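Fold and contact review
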Amino acid sequence: MRINESTVALVSGGGSGLGEATVRRLHAEGAHVVVADLPSSRGEALADELGEHARFCAADVRDEGQVQAAIDAAREFGTLRVVVTCAGVGTPGRVVGKRGPLPLKDFQDVIDVNLVGTFNVLRLAAAAMQDNDSLDGDRGVVVMTASIAAYDGQVGQAAYAASKGGVVGLTLSAARDLADKGVRVVTIAPGTFMTPMLAGLPPEATAALEAQVPHPSRLGQPAEYASLVAHVVDNPMLNGEVIRLDGALRMPPR
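To keep things clear, this report deals only with the structure shown in the data block. (Residues numbered from 1 in each chain as written. Predicted model: local features only at pLDDT ≥ 70, side-chain atom pairs only at ≥ 80, totals over all residues. Heavy atoms only, no water.)

Describing the pattern of salt bridges
Overall, the coordinates contain 15 salt bridges when judged by the stated rule. The partner of Arg24 in a salt bridge is Glu20, and the shortest N-O contact between them spans 3.0 Å. Remark: Glu20 and Arg24 occur in helix H1 (residues 17–28); sequence separation between them is four residues, near one turn of the helix. On the basis of relative accessibility, which here comes to 30%, the residue Arg24 falls in the partly exposed class. Glu20 gets classed as buried once you look at its relative accessible area, which sits at 16%. One salt bridge in this structure joins Asp246 and Arg250, with 3.2 Å as the shortest N-O distance. (Salt bridge = Lys/Arg side-chain N within 4 Å of Asp/Glu carboxyl O. Helix = DSSP H or I, 4+ residues; strand = E, 2+ residues; numbered from the N terminus. Buried < 20%, exposed > 50% of the residue type's maximum accessible area, 1.4 Å probe, protein only.)

Observations concerning the layout of surface pockets
Reported here for the largest pocket is a volume of approximately 1,100 Å³. Put simply, the parts of the chain that give the lining of the largest pocket at least two residues each are H1, strand E2 (32–37), helix H5 (158–178), helix H6 (196–199) and helix H7 (203–212). Residues of the lining of the largest pocket, tallied by class, amount to 22 nonpolar, 17 polar and six charged. Looking at the second largest pocket, its volume works out to about 160 Å³. Along the wall of the second largest pocket there are 13 residues; nearest its centre are Phe193, Gly220, Glu224, Asp246 and Gly247. (1 Å grid on protein atoms, 1.4 Å probe; cavity = no way out; pocket = protein on both sides within 12 Å on 5 of 7 lines; lining within 4 Å. Points joined across faces, edges and corners; volume = space filled by probe spheres on them. Nonpolar A, V, L, I, M, F, W, Y, C, P; charged D, E, K, R; others polar.)

Focus on the environment of Ser147
Secondary-structure assignment places Ser147 in the loop between strand E7 (140–145) and H5. Distance from Ser147 to Val8, taken between C-alpha atoms, is 26 Å for residues 139 residues apart in sequence. Excluding residues within four positions of it along the chain, Ser147 makes contact with Tyr160, Lys164, Ile188, Ala189 and Pro190. Side-chain polar atoms of Ser147 contact the backbone nitrogen of Ala149, separated by 3.0 Å. (Contact = heavy atoms within 4.5 Å. Polar contact = N/O pair within 3.5 Å; in protein donor to acceptor, adjacent residues only side chain to side chain.)

Things to note about the packing of aromatic side chains
Within this structure, the stated rule accounts for zero aromatic pairs. Over the face of the ring belonging to Phe77 we find Arg55, whose NZ or CZ atom lies 4.1 Å from the ring centre. (Phe/Tyr/Trp six-rings, centres within 6.5 Å; stacked < 30°, edge-to-face > 60°. Lys NZ or Arg CZ within 6 Å of the ring centre and 35° of its normal.)

Structural notes on helix H2 (residues 43–50)
Buried within H2 are the following residues: Gly43, Leu46, Ala47 and Leu50. Around the axis of H2, the buried residues are gathered within 95° of arc, so they sit on the same side. Contact partners of the buried residues in H2: H1, E2 and strand E3 (54–58). The first or second residue beyond H2 is Gly51, which carries a positive phi of 100°. (Arc of directions from axis to C-beta.)

Quick word on the nonpolar core
In terms of nonpolar packing, the biggest core is built from 37 residues, with Leu10, Ile71, Leu80, Val83 and Leu122 touching the most fellow members. Only strand E1 (7–12), E2, helix H3 (64–77), strand E4 (79–85), helix H4 (104–129), E7, H5 and strand E8 (183–190) provide two or more residues apiece to this core. Residue contributions to this core peak at eight residues, all from H4. If we ignore the near neighbours within four places in the chain, the residues touching Leu80 are Val8, Ala9, Leu10, Ile71, Ala74, Arg75, Met129, Asn132 and Arg139. Ala9, Leu26, Leu50 and Val186 belong to the second-largest nonpolar core, a separate cluster that totals 30 residues. (Core = buried A, V, L, I, M, F, W, Y, C linked by side-chain atoms within 4.5 Å.)

Let's talk about the side chain of Ser12
Along the chain, the position of Ser12 falls in strand E1. The class of Ser12 is buried, set by a relative accessible area of 2%. Setting aside chain neighbours within four positions, we find Ser12 in contact with Ala36, Val61, Val84, Thr85, Cys86, Ala87 and Val121.

Notes on the packing of H3 against H4
Packed helices, taken two at a time, are described by their axes: the angle between them and the distance between them. Put simply, H3 and H4 touch, their axes get as near as 10 Å, and they point 35° apart. Crossing hand, H3 versus H4: right-handed. Seen from H3, the contacting residues are Glu64, Val67, Gln68, Ile71 and Arg75; seen from H4, they are Asn120, Val121, Arg123, Leu124, Ala125 and Ala128. (Axes fitted to C-alpha atoms, helices over the stretch in contact; angles between N-to-C directions. Left-handed = near helix turned anticlockwise from the far one by under 90°.)

Some words on the packing of H1 against helix H8 (residues 222–234)
Close contact between H1 and H8 brings their axes to 8 Å; oriented N to C, the two are set at 55°. With respect to each other, H1 and H8 are oriented oblique. Classified by chirality, the crossing of H8 by H1 is right-handed. Listed contacts from H8 to Gly17, Leu18, Ala21, Thr22 and Arg25 of H1 are Pro222, Ala223, Tyr225, Ala226, Ser227, Val229 and Ala230. Across the contact of H1 with H8, the residue classes tally to eight nonpolar, three polar and one charged. (Parallel < 35°, antiparallel > 145°, perpendicular 65-115°, else oblique.)

Some details on the environment of Asp37
The residue Asp37 is located in strand E2 in this model. We classify Asp37 as buried; its relative accessible area is 11%. As a C-alpha pair, Asp37 and Ala59 span 22 residues in sequence and 5.2 Å in three-dimensional space. With near-sequence residues (within four places) excluded, Asp37 lies in contact with Gly13, Gly14, Gly15, Ser16, Phe56, Cys57, Ala58 and Ala59. Separated by 2.9 Å, the side chain of Asp37 and the backbone nitrogen of Gly15 make a polar contact.

Written as C-alpha cells, this is what we have:
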C-alpha cells in the first residue's frame, strides 16, 4: 500500500524509541502522523517539531476511551490506514525471587500494557479502517511489536516474555479475522535495540549485549525497525506474519 498525502498513520508509544523512529519515517514518507503516548512522554514535543502534518494525542493504550479519542483525531486528519503499536513496558522479575513469588500485580501490569493494550489499539483501529476505500487492495495495515523474548525469554522476563508471546499468538488469528475487511496484521519481533529500555546501561553491559549478536554485532537502531515498518506497509503480501529483526540473535538464558 503506497502512502500518499491523504494517508494518516497512528503510532502508539510514538514519543520515544522505536515509536519515535517510526513516526519520523512515516512522516518523511508523506503521511500525516498521530503520536499517541502518555502525557509524560516526549510525544507532544515531537509532534510540534514535525509541524502541521503531525499531532499529539495523550493516550494510555489500556484505556478504551483514550485510544478511541486518538483514532477519532486521526480520522479528522485524513484516512487512517497505518497503525503501529509500540507502547510497552519491560518490568523484570523472577517467577520466584529472593522476596518470594513475583507479585501478581506486577505480572498483570505488564500483560495489560503489552498485550491487552496492543489488542485494544488493534481492535479499535481495525474497526475504523474497515470503512476505508480500498487502496492497492488494502483498507489498512496494523503493525504490532513483539520481541524475541517471545521465543527466547531470559531469566527474570516471565511477564515480558508472556506478554510478547501473546502478541505473537495474536498475529495470525487477527490477520485471518480481518482479511475480509481488507486489513493486514503483521508483527515485528525486535532483538536488542538502542531504546530507552537499554539506553541507561553502562558501556560494559552494552558491549556484552552487542557481542551476543552474530551479525551485525551491535544493538539495532530504531531507524532500522522503522524501515521494516515502511516495507510492511508497502508490501501487500506481508500478512499474518511475525518477522524477527535481530541480527540472527538467539538469547541465552541470562
